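One letter stands for each residue in the lines below.
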2 protein chains.
Amino acid sequence: MPTHRQAERTRERIVEATYQGILEYGIAGATTKRIAKLAGCSEALLYKHFSGKEELFLAVILEHMPALAPSLRRLQVSTGQGDLLANVTEFARAAIAFYTSSAPIGSGIIGDPALLATFRGMLAGQDVGPHLPIKVLASILRAERNGGRLAPEADCDALASLLMGACYHRGHMTHFVELPQPPEDYARAIVRALLGPITR
Amino acid sequence: MPTHRQAERTRERIVEATYQGILEYGIAGATTKRIAKLAGCSEALLYKHFSGKEELFLAVILEHMPALAPSLRRLQVSTGQGDLLANVTEFARAAIAFYTSSAPIGSGIIGDPALLATFRGMLAGQDVGPHLPIKVLASILRAERNGGRLAPEADCDALASLLMGACYHRGHMTHFVELPQPPEDYARAIVRALLGPITR
């Protein structure tokens, strides 16, 4: 029997292979057969770790991307400290990187009606989804507002939607066209336009 | 020989069939064979009107969606007139509708590496792309700023990116999860949060 550590390594290898498979073949072409081959394991072993493509894709998004969660945590920890606009700008840069690299997966799922239906059910069952990072960001902005660093009338849910949306959109657009503005400059500009007028 | 009007009708039927094909089969499954069948014409006739899938998909986005361009024109025409926040909110509602219905196409393209490569080349050659509506929106906001309805220091490019990004993101998220806030309320909230503090 494989040890816990061995099983974990196999799982990681499969997630990595899934990511490679998506980059190479797209969502539609990244079959469990191809993923198993890239991971150097049998399809049977793959199915011991994951129920299917949908669960694999969710694992890639949650575990294999430049990671939105740690950036949100860093922003949360910095509440009330340092320069608010600089803190949020750093987060926006991380969010752009995350959405740029997760776009081929998230998009591939939206673009495949059958896969999307299964994926929707899985998200609803686990109470996760693309709206959650916005909620976390909104709660962080709310803490800053309550701490007096944002205007008391600030609508933190709307602000979080605007910021996250601009990062998501930028991450997608870079796949279609060459954008002249570097992501760092873009991040700085949107954060200043959004929060500058209401920063206290 | 078909008249100009007949040829135009055939073209429209093919674009409509492409849209139906994408909804039913996804981008990957919407083959020219299936599209021709849905349009009730031969593949040969389809290829007389379009060079291939990429051109068909672009036609669907540009001609068959709830249309971003007319909404942008309406907003442009209303420059300096009526209530600025109300005008922009109406535009945001239209943008959300556009991005919601174009998501399966745009996403399907990002999710398919081979298709994306061809599509990128086509966009670059025609100098079009998903960044253009942001530029138009920015120019409208700039006119409002120059007319004194927005604060003189407003960064209109960044504001346009934020607004369009939030509409795009919302349009995509609705495919993954049930969002409790109606799109009208969402549109009103983001426009107020974005422009409220800098409206004069």
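Remember, it's a predicted structure, so these values are computed and weren't measured experimentally.

A.B. asks: Would you explain the interface of chain B and chain A in this entry?
C.D. replies: Interface size is commonly expressed as the accessible area that is lost once the parts come together. Residue-level contacts link 52 residues of chain B with 52 residues of chain A. Overall, the association of chain B and chain A removes approximately 3,800 Å² of surface from exposure, summing both partners, and the carbon and sulfur fraction of that is 73%. Viewed at the interface, chain A and chain B are joined by two salt bridges. A salt bridge links Arg120(B) to Glu178(A), with the shortest nitrogen-to-oxygen separation between them at 3.4 Å. Joining chain B to chain A, the criterion identifies 10 residue pairs in polar contact (both at pLDDT 80 or more). Secondary-structure elements contributing two or more residues to the side of chain B that touches chain A are helix H1 (4-29), helix H6 (84-110), helix H7 (113-126), helix H9 (156-176) and helix H10 (183-195) of chain B. Considering each element in turn, the side of chain B that touches chain A owes the most residues, 15 residues, to H9(B). Per-class residue counts for the side of chain B that touches chain A are 35 nonpolar, 13 polar and four charged.

A.B. asks: Whenever I open this one, the environment of Tyr186(B) confuses me. Can you help?
C.D. replies: Along the chain, the position of Tyr186(B) falls in helix H10. Residues Tyr186(B) and Ala92(B), spaced 94 residues apart in sequence, show a C-alpha to C-alpha distance of 9.1 Å. If sequence neighbours within four positions are ignored, Tyr186(B) has contacts with Ser161(A), Ile96(B), Ala166(B), Arg170(B) and Gln181(B). Here Ala166(B) takes part through its backbone oxygen, which lies 2.9 Å from a polar atom of the side chain of Tyr186(B).

A.B. asks: Mind showing me how you'd approach the relation of the copies chain B and chain A here?
C.D. replies: Between the two copies of the chain lies a rotation about an axis combined with a shift along it. Overlaying chain B with chain A gives an RMSD of 0.0 Å, the required rotation being 180° about an axis along which the chain moves by 0.0 Å. In the structure described here, the two chain copies are related by an operation that fits a two-fold rotation axis.

A.B. asks: In this structure, what is going on with helix H5 (residues 68-77) of chain B? I would like to understand it.
C.D. replies: In an α-helix, one full turn covers 3.6 residues, which means residues spaced three or four apart are oriented alike. Residue and element names in this part refer to chain B. Listing the buried residues of H5 in full gives Leu68, Ser71, Leu72 and Leu75. Burial along H5 is one-sided: seen end-on, the buried residues are contained in an arc of 100°. The exposed residues of H5 that point more than 90 degrees off its buried face are Arg73, Arg74 and Val77.

A.B. asks: What is the right way to read the UniProt feature "DNA-binding region" (unreviewed entry) in chain A from this model?
C.D. replies: When the UniProt feature table is mapped onto this chain, "DNA-binding region" (unreviewed entry) is found at residues 31-50 of chain A. Its end C-alpha atoms 13 Å apart, residues 31-50 of chain A is made of 75% helix and 0% strand.

A.B. asks: I tried to follow the domain arrangement of chain A on my own but got confused; where do I start?
C.D. replies: Residue and element names in this part refer to chain A. Parsing chain A into structural domains produces domain 1 (4-60) and domain 2 (66-198). Summed over both sides, the interface of domain 1 with domain 2 buries roughly 890 Å², with 84% coming from carbon and sulfur. For domain 1, the biggest contributors to the area lost against domain 2 are Ile27, Glu54 and Leu58; these three give 59% of the whole. Taken together, the connections running from domain 1 to domain 2 amount to zero salt bridges. Within the residue set of the side of domain 1 that touches domain 2, elements represented by two or more residues are helix H1 (4-29) and helix H4 (53-63). Here the side of domain 1 that touches domain 2 gets five residues from one element, more than from any other, and that element is H4. Among the residues forming the side of domain 1 that touches domain 2, the class breakdown is six nonpolar, no polar and two charged.

A.B. asks: Teacher, can you tell me more about the packing of H1(B) against helix H4 (residues 53-63) of chain B here?
C.D. replies: A pair of packed helices is characterised by two quantities: the angle between their axes and the separation of those axes. Residue and element names in this part refer to chain B. The interhelical angle for the contact between H1 and H4, taken along N-to-C directions, is 100°, at an axis separation of 9 Å. By the criterion of interaxial angle, the relationship of H1 to H4 is roughly perpendicular. Contact with H1, carried on its side by Arg11, Ile14, Val15, Thr18, Tyr19, Ile22, Ile27 and Ala28, involves Lys53, Leu56, Phe57, Ala59, Val60 and Glu63 of H4 and no other residues of that element. Residue composition of the contact of H1 with H4, grouped by class: 10 nonpolar, one polar and three charged.

Each value, and the rule that gives it
Residues numbered from 1 in each chain as written. Chains lettered and ligands numbered in written order. Predicted model: local features only at pLDDT ≥ 70, side-chain atom pairs only at ≥ 80, totals over all residues. Heavy atoms only, no water. Contact = heavy atoms within 4.5 Å. Buried area = accessible area lost by both parts, 1.4 Å probe. Salt bridge = Lys/Arg side-chain N within 4 Å of Asp/Glu carboxyl O. Polar contact = N/O pair within 3.5 Å; in protein donor to acceptor, adjacent residues only side chain to side chain. Helix = DSSP H or I, 4+ residues; strand = E, 2+ residues; numbered from the N terminus. Nonpolar A, V, L, I, M, F, W, Y, C, P; charged D, E, K, R; others polar. Least-squares fit on C-alpha atoms with pLDDT ≥ 70 in both. Buried < 20%, exposed > 50% of the residue type's maximum accessible area, 1.4 Å probe, protein only. Arc of directions from axis to C-beta. UniProt positions renumbered as here; feature names shortened; annotations may be inferred. Domains from an automatic or database assignment. Axes fitted to C-alpha atoms, helices over the stretch in contact; angles between N-to-C directions. Parallel < 35°, antiparallel > 145°, perpendicular 65-115°, else oblique.

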